[in-house]
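This is what each chain is made of:
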Amino acid sequence: MDHNAYIPKLAKIIEITEEVSGERSIKTFMTEFIHKNDFSFCSGQCAMLSVFGKGESMISISSSPLIKDYLQFSILKMGRVTSALHEMEVGNIIGIRGPYGNGFPMEDWKGKNLIFIGGGIGLAPIWSVLHSALGKKEDYGDLTLIYGARTSKDLVFKKELEGLRKKIKVHLSVDMEEPEWKEFVGFVPVNVLDKKPSPDNAISITCGPPIMIKFVIKNLKDLGFKDEQIYTTIENKMKCGIGKCGRCNIGMHYVCKDGPVYSWAELKNLPQEY
Ligand SMILES: Cc1cc2nc3c(=O)[nH]c(=O)nc-3n(C[C@H](O)[C@H](O)[C@H](O)COP(=O)(O)OP(=O)(O)OC[C@H]3O[C@@H](n4cnc5c(N)ncnc54)[C@H](O)[C@@H]3O)c2cc1C
Ligand code: FES
């Protein structure tokens, strides 16, 4: 029988971390495949996760491709499928199909300084590419993370961020003043202007809410970054993930195949359907 691209591989949840609690809850799921298979991916790619009887959702792979033992996903509770995922426990089985999308062109970035700029759950795809670069640090120049969320409670990977400070420059922000907060207060794009990353020999990678991305790009341009030096990912709604259903189009582009990673040089010429 021909291989059916819609049939997921079975994976067991081996660890769950509650990153953010409350209404906009975020959990990180570590999963391992039940059966050995040839799943391999690059940073920026996604996978379609299924909760049997509920449906499927496209989620970025947040672990580094250098780690072969498990796949990690960080998931914001939104609706039917993501809520069902949040109900799951260690040992439960989900479906995974993919990997999908183009991923970040990390080979082209060798020798360059990388500036990662994230907002909220947008740190998930960045986490993969950042750890990919950290795993091969000798291939890249300086690594910097500028990351923010609405409040300190909404920051993901809190514990890991403290460890990360020992390895790279980390600049955090929250949107509004908090009694114990000692770092930047204000929106992520404003923190970018405050930290003034240099465009010299640099690539900037930004993921987050569309409004944040819009102003981060504007501010990077003001700092002298060229369109080709700015990369982002977009999250058009997806159904099939394999360029068949036409759900994710921007003009002639299928974001599930041609994206979700775009340089601003590419994205600015596409219709604003994202
Ligand atoms: C390429 C890609 C990568 C993604 N990576 C992540 C990730 O790493 N972590 C994560 O938490 N989420 C990620 N998402 C978003 C995630 O796919 C949706 O939040 C999820 O599919 C919602 O499914 P649901 O059944 O829980 O919600 P539904 O019941 O389908 O919808 C609930 C609400 O969510 C909105 N919604 C549904 N899909 C999307 C979407 N794609 N973008 C914006 N709003 C949506 C609906 O309009 C509705 O308001 C990604 C999406 C794409 C396309
Ligand atoms: S999700 Fe079906 S064509 Fe992209």
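What you see is a predicted model; the values in this text were computed from it and never measured.

Engineer: I would appreciate a short explanation of unusual backbone geometry in the present structure.
Structural biologist: Backbone geometry follows two general trends: most residues other than glycine have a negative phi, and most peptide bonds adopt the trans configuration. In this model, Gly98 is joined to Pro99 through a cis peptide bond whose omega is -5 degrees. Geometrically, the link from Gly259 to Pro260 is a cis peptide bond, its omega value of 5 degrees lying close to zero. The phi torsion at Lys196 lies on the positive side, around 45 degrees, for a residue other than glycine. Mapped onto the fold, Lys196 is located in the loop between helix 4 (188-195) and strand 11 (202-207). A relative accessible area of 56% means that Lys196 is categorised as exposed. Of note in this structure, Asn201 is not a glycine but carries a positive phi near 50 degrees. Inspection of the secondary structure puts Asn201 in the loop between helix 4 and strand 11.

Engineer: Would you mind showing me how to read the sheet that holds strand 6 (residues 93-100) here?
Structural biologist: Paired through backbone hydrogen bonds, the strands of a sheet run either parallel or antiparallel to each other. Ordered in space as 4-3-6-1-2-5, the 6 strands form an open sheet in which the pairing is antiparallel. On the outer flanks of this sheet lie strand 4 (55-60) and strand 5 (71-76), each paired with one strand and no other. Between one strand axis and the next, the sheet turns through 40 degrees on average, direction left out of account. The pairing of strand 2 (residues 26-33) with strand 5 spans 6 bridges and is antiparallel. What sits directly across from Lys27, in strand 5, is Ile75.

Engineer: Hey, could you run me through the sheet that holds strand 10 (residues 184-185) in this one?
Structural biologist: The strand order 10-9-8-7-11-12-15 describes an open sheet built from 7 strands, whose pairing is mixed. Of all the strands in the sheet, the pair left with one neighbour each is strand 10 and strand 15 (261-263). Judged from the 6 bridges that link them, strand 8 (residues 143-149) and strand 9 (residues 169-174) form a sheet pairing that is parallel. Across the sheet, the residue bridging to Ile146 is His171, located in strand 9. Sheet strands in contact with helix 2 (residues 123-135) are strand 7 (113-119), strand 8, strand 11 and strand 12 (230-233), and its direction is about 160 degrees off that of strand 7. Sitting on the sheet, helix 4 touches strand 7, strand 8, strand 9 and strand 10, and the angle it makes with strand 9 is about 140 degrees.

Engineer: Would you take a moment to explain the packing of helix 4 against helix 5 (residues 210-222) for this structure?
Structural biologist: For any two helices packed against each other, one specifies the crossing angle of their axes together with the interaxial distance. Where helix 4 contacts helix 5, the two axes come as close as 8 Å, and the packing angle between them is 20 degrees. Classified by the interaxial angle, the pair formed by helix 4 and helix 5 is roughly parallel. Of the two elements, helix 4 crosses helix 5, and the hand of that crossing is right-handed. Counting all contacts with helix 4, which are made through Val188, Pro189, Val190, Val192 and Leu193, the residues of helix 5 involved are Met212, Phe215, Val216, Asn219 and Leu220. Residues belonging to the contact of helix 4 with helix 5 are distributed by class as follows: 9 nonpolar, 1 polar and no charged.

Cut-offs used in this document
- Residues numbered from 1 in each chain as written.
- Chains lettered and ligands numbered in written order.
- Predicted model: local features only at pLDDT ≥ 70, side-chain atom pairs only at ≥ 80, totals over all residues.
- Heavy atoms only, no water.
- Helix = DSSP H or I, 4+ residues; strand = E, 2+ residues; numbered from the N terminus.
- Buried < 20%, exposed > 50% of the residue type's maximum accessible area, 1.4 Å probe, protein only.
- Pairing = 2+ DSSP bridges.
- Axes fitted to C-alpha atoms, helices over the stretch in contact; angles between N-to-C directions.
- Contact = heavy atoms within 4.5 Å.
- Parallel < 35°, antiparallel > 145°, perpendicular 65-115°, else oblique.
- Left-handed = near helix turned anticlockwise from the far one by under 90°.
- Nonpolar A, V, L, I, M, F, W, Y, C, P; charged D, E, K, R; others polar.

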